[in-house]
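# Architecture and fold: a report
Residues per chain are reported as follows:
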Amino acid sequence: DGNMRSGPMTPGEIRQCVMDVSAWFGRHVDTARGTPDDELRRFSHNHSLTLPLALEELYLGTSGIWFDDKVMCSLQEAAKLKDEIKGDQYFPFANDDDEGLLVVNCDDEAGYEYDLHDGLGGKICNSFSDYLEEFRNGLLADHFEFISGVGTIEKVNITRIPRRGK
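The paragraphs below set out a description of the structure included in this document.

Basis of the calculations
Each chain carries its own residue numbering, running from 1 in the direction its sequence is written. Local features in this predicted model are restricted to residues of pLDDT 70 or higher, and side-chain atom pairs are both shown and tallied only at a pLDDT of 80 or more, whereas totals for entire chains, interfaces and linings draw on every residue. Based on all heavy atoms of the structure, the side-chain values leave hydrogens and waters out of the count. Helix and strand labels come from DSSP, where a helix needs a run of H or I of at least four residues and a strand needs a run of E of at least two; each type is numbered from the N terminus. We take the radius of gyration over the C-alpha atoms and set the globule estimate at 2.2 Å times the residue count to the 0.38 power. Each residue gets one of three labels from its accessible area relative to the maximum for its type: buried under 20%, exposed over 50%, partly exposed in between, using a 1.4 Å probe on protein chains only. By definition, residues are in contact when any of their heavy atoms lie within 4.5 Å. Calculation of accessible area relied on Shrake-Rupley with a 1.4 Å probe; when residues are assessed, cover is drawn exclusively from the protein chains displayed. For the purpose of counting charges, residues Lys and Arg are taken to be positive, whereas Asp and Glu are taken to be negative. His and the chain ends are not included. Throughout, a charge is located at the NZ atom of Lys, the CZ atom of Arg, the CG atom of Asp or the CD atom of Glu. Here an angle of 0 to 180 degrees is reported between the N-to-C directions of two axes, which are lines fitted to C-alpha atoms, with helices fitted over the stretch in contact. Note that the term roughly parallel is reserved for angles under 35 degrees, roughly antiparallel for angles over 145, roughly perpendicular for angles of 65 to 115, and oblique for everything else. Less than a right angle of anticlockwise turn of the near helix away from the far helix marks a crossing as left-handed, whereas a clockwise turn marks it as right-handed. Under the scheme applied, nonpolar residues are Ala, Val, Leu, Ile, Met, Phe, Trp, Tyr, Cys and Pro; charged residues are Asp, Glu, Lys and Arg; polar residues are all the others, including Gly. In this description, a nonpolar core means a group of buried Ala, Val, Leu, Ile, Met, Phe, Trp, Tyr and Cys residues linked to one another through side-chain atoms lying within 4.5 Å. Each aromatic pair joins two rings of Phe, Tyr and Trp (for Trp, the six-membered one) with centres within 6.5 Å, and gets the label stacked for planes under 30 degrees apart, edge-to-face for over 60, and tilted for any other angle.

### Describing the overall build of the protein chain
When you go through the protein chain residue by residue, the secondary structure sums to five helices and eight strands. In the protein chain, the order of α-helices and β-strands from amino to carboxyl end is α-α-α-β-β-α-β-β-β-β-α-β-β. In terms of overall dimensions, the protein chain is globule-like: its C-alpha atoms have a radius of gyration of 15 Å, near the 15 Å expected for 166 residues. Going through the 166 residues of the protein chain one by one, you find that 43% of them count as buried. For the protein chain, long-range pairs separated by at least 24 residues make up 50% of all intrachain contacts whose partners lie at least 6 apart in sequence. Working note: accessible area of the protein chain is about 9,300 Å², and carbon and sulfur atoms make up 45% of it. The distance from the centre of the 17 positive side-chain charges to the centre of the 31 negative ones in the protein chain is 5 Å.

### Quick word on the packing of helix H1 (residues 11–26) against helix H3 (residues 53–61)
Relative placement of two packed helices is described by the angle separating their axes and the distance separating the axes. Contact geometry for H1 and H3: axes closest at 9 Å, N-to-C directions at 45°. Taken together, the axis directions place H1 and H3 in an arrangement best described as oblique. Every pair of crossing elements has a handedness; the one defined by H1 and H3 is right-handed. Across the interface between the two elements, Pro11, Ile14, Arg15, Val18 and Ser22 of H1 pack against Leu53, Ala54, Glu57, Leu58 and Gly61 of H3. In terms of residue class, the contact of H1 with H3 is built from six nonpolar, two polar and two charged.

### Some details on the nonpolar core
In this structure, Phe25, Phe67, Phe91 and Phe93 are the most contacted members of the largest nonpolar core, which totals 46 residues. Counting residues per element, this core draws most heavily on H1, at six residues. Setting aside residues up to four positions removed in sequence, phenylalanine 93 forms contacts with Leu55, Tyr59, Phe67, Val71, Met72, Cys73, Leu102, Val103, Val104, Phe128 and Tyr131.

### Details of the packing of aromatic side chains
Within the structure shown, the criterion is met by 14 aromatic pairs. Considering the side-chain rings of tryptophan 66 and phenylalanine 146, the 6.0 Å spacing of their centres and the 70° angle between planes classify their relative orientation as edge-to-face. With tryptophan 66 in strand E1 (residues 66–67) and phenylalanine 146 in strand E7 (residues 144–147), this pair connects stretches of sequence that are 80 residues apart. An aromatic cluster is defined as three or more aromatic residues linked by ring pairs; in this entry it consists of Trp24, Phe25, Trp66, Phe67, Phe93, Phe128, Tyr131, Phe135, Phe144 and Phe146.

Quick look at the structure:
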């Protein structure tokens, strides 16, 4: 089965994962530079949040990333949306045009769907790091295509990569 890692990604592996995701999107959309470190730290301090390392690295490394039909929020967008969601531990990292969000629980790193009208929805991951790694693996395995204004669309008739450890 190759060189399977046991346990979570190391900080170096997380940075490589972010670089891989950023490079994939750089071939499909205009991505921008990431958020300056001092701006990210100020945001975390002002909102009393510690973002998961993988999400922090994603913000530091790039912007313009799409998770399915939801685009990564800028810190300014996230601050506005944060005021509209219930639960101080939740950070909105992606949104769509229909008030649908993806949020991460900064206490335990779990990710969820969130609707501004209906509140917290289904769990999408136990760990944002694992979510990002699985997303990256799908991008690099050519399981997704990008459609401008729509987002990343999973290709049909593909063989899924088994999840790590399964």
